[in-house]
Amino acid sequence: MLLGRTLALYFSGRFLKAIIGLFLLATVLIYLFDVLELIRRGGDQQGFSVMRVAAISALRVPLLMEQVIPFTVLFGSIAAFVSLSRALELVVTRAAGISVWQFSAPALAVGIGIGILSITVYNPAAVWLQHKSHEASTGLFGADESFLTQTSGDIWLTQDGLDGKSVLLAKQMSDSGTRLQGVTIFAFDKQGSFRERVEAKSASLGNKIWNLDDAVVYTTGRDPQHYRKYELSTFLTPTEVRESIGAPETISFWKLPDFIELAHNAGLPAYRYALQYQTLLARPILLAAMVLIAASVSLKVSRFGGLGGMILGGIIAGFVLYVLSELAEDLGGAGIVPPIVAAWAPGIFGVLMGLTILLNQEDG
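Just so it is clear, the structure is predicted and the values come from calculations on it, not from any experiment.

## What about the packing of helix α2 (residues 50–65) against helix α5 (residues 100–137)?
Thought 1: Running from amino to carboxyl end, α2 crosses α5 at an angle of 150°, the nearest separation of the two axes being 8 Å. Taken together, the axes of α2 and α5 lie roughly antiparallel to each other. Our pair here, α2 against α5, has a crossing hand that is left-handed. Facing α2, whose interface residues are Arg52, Ile56, Leu59, Arg60, Pro62, Leu63 and Met65, α5 presents Tyr122, Ala126, Val127, Leu129, Gln130, Lys132, Ser133, Ala136 and Ser137.

Following this line, the structure appears as structure tokens:
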């Protein structure tokens, strides 16, 4: 027996309402904690105000919430299944000859639909809002740079300029890639021969030029020379620098393919960008897995009781998928396994796990 259109829309609405409600609740909680953290960090800074911090946090939270979407789908689906069971709606549906696969189809459609919208609409909007939060926080959380726009870890960048190619190493990036800290530059002439090594306290990107502060220049044949200001030509623009070395999570889904190509052209490993792109593409499958897992831990409870066991089962299943996703992300980001395998494996594993449990429960 096929599930009627009206009943399918009703079930879809129930699942969508539960997932959105849980997502909004999590958003409010994370927003409150984020506001408190920003107040703690910037409360004694010039220009601080509660309204400004609240606005900055409101711009930051959407990107933070992107990591919570799979769990809101999991627990929202569990809540919807339990609610339908307690109201005996699933019992009546099953008595009418509709199988678990049929009344789970609307939930799967909702999960996949949320996944598609989250990567095509939500992700670009969240990234744009994150960039706006960087602009709004400038000068508030430190004299020189905002901790919100700061990227830690060694940064490697190859570039070309009027004087020849160079390799740049920096300890820290801020101001959306236009300012670097702890800079070391290995410069080569147009014939590819080593010319000089420059060590500078910081570097800021101007119009086709790096402006280096407190620089020491090492060349063969003479003693090191110290310069308060030193310049090095480059063909890079601020956008290209930011896109080449920025965190993959801060890049919009629609722009990631261009950034992957840019990373290759800059001589940088593109594993992290390719992994982020494939992870976003695989999100609908991951959310479908969450729905199937929710069904597998909820439907048995509707008949035999055990709400605590159901909740524990959902938490364990979500934790297993989270650990698997983190492990796959580490392996894929390091280039140990192909990014496409690392990104799609958790979702496929979750789907297979949910299908296996449901088949065992429903069909023996």
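Right, picking up where we left off after that structure.
## A short note on empty space enclosed by the protein
Thought 1: By the definition in use, this model includes one cavity of 30 Å³ or more.
Thought 2: At the level of elements, β2 (164–174), β3 (179–188) and β6 (225–233) are the ones that each hand at least two residues to the lining of the largest cavity.
Thought 3: Looking at side-chain class alone, the lining of the largest cavity contains three nonpolar, three polar and three charged residues.

## Brief notes about the environment of Phe319
Thought 1: Within the secondary structure layout, Phe319 lies in helix α10 (residues 307–333).
Thought 2: With a relative accessible area of 53%, Phe319 lands in the exposed category.
Thought 3: Taking the C-alpha atoms as reference points, Phe319 and Phe71, separated by 248 residues in sequence, lie 9.5 Å from one another.

## Here we look at the pairing of strand β5 (residues 209–218)
Within a regular beta strand, the side chains point alternately toward one face of the sheet and then the other, so they alternate between its two faces.
Thought 1: One ladder, built from eight bridges, connects strand β4 (residues 194–205) with β5; its direction is antiparallel. Looking across to β5, one finds that Glu199 is bridged to Val216.
Thought 2: Strand direction decides the pairing type here: β5 and β6, joined by eight bridges, are antiparallel. Across the sheet, Leu212 pairs through a bridge with Tyr230, a residue of β6.
Thought 3: Taking the residues that link successive antiparallel strands as the turn, the β5-β6 hairpin has six residues, and the phi of Gly221 there is positive, at about 95°.

## Structural notes on the nonpolar core
In summary, soluble globular proteins display a tendency toward joint burial of nonpolar side chains.
Thought 1: Core analysis: the largest hydrophobic core is formed by 38 residues, its most contacted members being Phe15, Val73, Phe81, Leu90, Phe103 and Leu299.
Thought 2: Secondary structure elements with two or more residues in this core: α1 (5–42), α2, α3 (69–86), α5, α9 (283–304), α10 and α11 (339–363).
Thought 3: Broken down by element, the residue count for this core peaks at 11 residues, all from α9.
Thought 4: Those residues in contact with Leu90 that sit more than four places away from it in its chain are Phe11, Phe81, Leu84, Ser85, Phe103 and Leu299.
Thought 5: Ala170, Leu180, Ile185 and Leu232 belong to the second largest nonpolar core, which has 18 residues in total.

## Some thoughts on a negative patch on the surface
Thought 1: Taken together, the side chains of Glu249, Glu326, Glu329 and Asp330 define an acidic patch exposed on the protein surface.
Thought 2: Secondary-structure assignment places Glu329 in helix α10.

## Quick notes on a nonpolar patch on the surface
Thought 1: Nonpolar side chains collect at one region of the surface, where Leu312, Ile316, Phe319, Val320, Tyr322, Val323 and Phe349 lie side by side and expose about 640 Å² of accessible area between them.
Thought 2: Per-element tally for the nonpolar patch: the top contributor is α10, with six residues.
Thought 3: Mapped onto the elements of the fold, Val320 is located in helix α10.
Thought 4: Looking at Val320, the relative accessible area reads 35%, which means it is partly exposed.

## Side note on unusual backbone geometry
Thought 1: Of note, Lys208 is a non-glycine position whose phi angle comes to about 60°, a positive value.
Thought 2: Summarising the element assignment, Lys208 is placed in the loop between β4 and β5.
Thought 3: Residue Lys208 is classed as exposed on the basis of its relative accessible area, which comes to 55%.
Thought 4: The phi dihedral of Asp214 falls on the positive side, at around 55°, and the residue is not glycine.
Thought 5: Tracing the backbone shows Asp214 in strand β5.
Thought 6: Owing to a relative accessible area of 39%, Asp214 belongs among the partly exposed residues under this scheme.

Analysis parameters
Residues numbered from 1 in each chain as written. Predicted model: local features only at pLDDT ≥ 70, side-chain atom pairs only at ≥ 80, totals over all residues. Heavy atoms only, no water. Axes fitted to C-alpha atoms, helices over the stretch in contact; angles between N-to-C directions. Helix = DSSP H or I, 4+ residues; strand = E, 2+ residues; numbered from the N terminus. Parallel < 35°, antiparallel > 145°, perpendicular 65-115°, else oblique. Left-handed = near helix turned anticlockwise from the far one by under 90°. Contact = heavy atoms within 4.5 Å. 1 Å grid on protein atoms, 1.4 Å probe; cavity = no way out; pocket = protein on both sides within 12 Å on 5 of 7 lines; lining within 4 Å. Points joined across faces, edges and corners; volume = space filled by probe spheres on them. Nonpolar A, V, L, I, M, F, W, Y, C, P; charged D, E, K, R; others polar. Buried < 20%, exposed > 50% of the residue type's maximum accessible area, 1.4 Å probe, protein only. Pairing = 2+ DSSP bridges. Core = buried A, V, L, I, M, F, W, Y, C linked by side-chain atoms within 4.5 Å. Patch = residues over 30% accessible without salt bridge, like charges linked within 9 Å, V, L, I, M, F, W, Y side chains within 5 Å. Areas by Shrake-Rupley, 256 points an atom, 1.4 Å probe, with all protein chains shown as cover. Salt bridge = Lys/Arg side-chain N within 4 Å of Asp/Glu carboxyl O. Lys, Arg positive; Asp, Glu negative; His and termini not counted. Charge placed at Lys NZ, Arg CZ, Asp CG, Glu CD.

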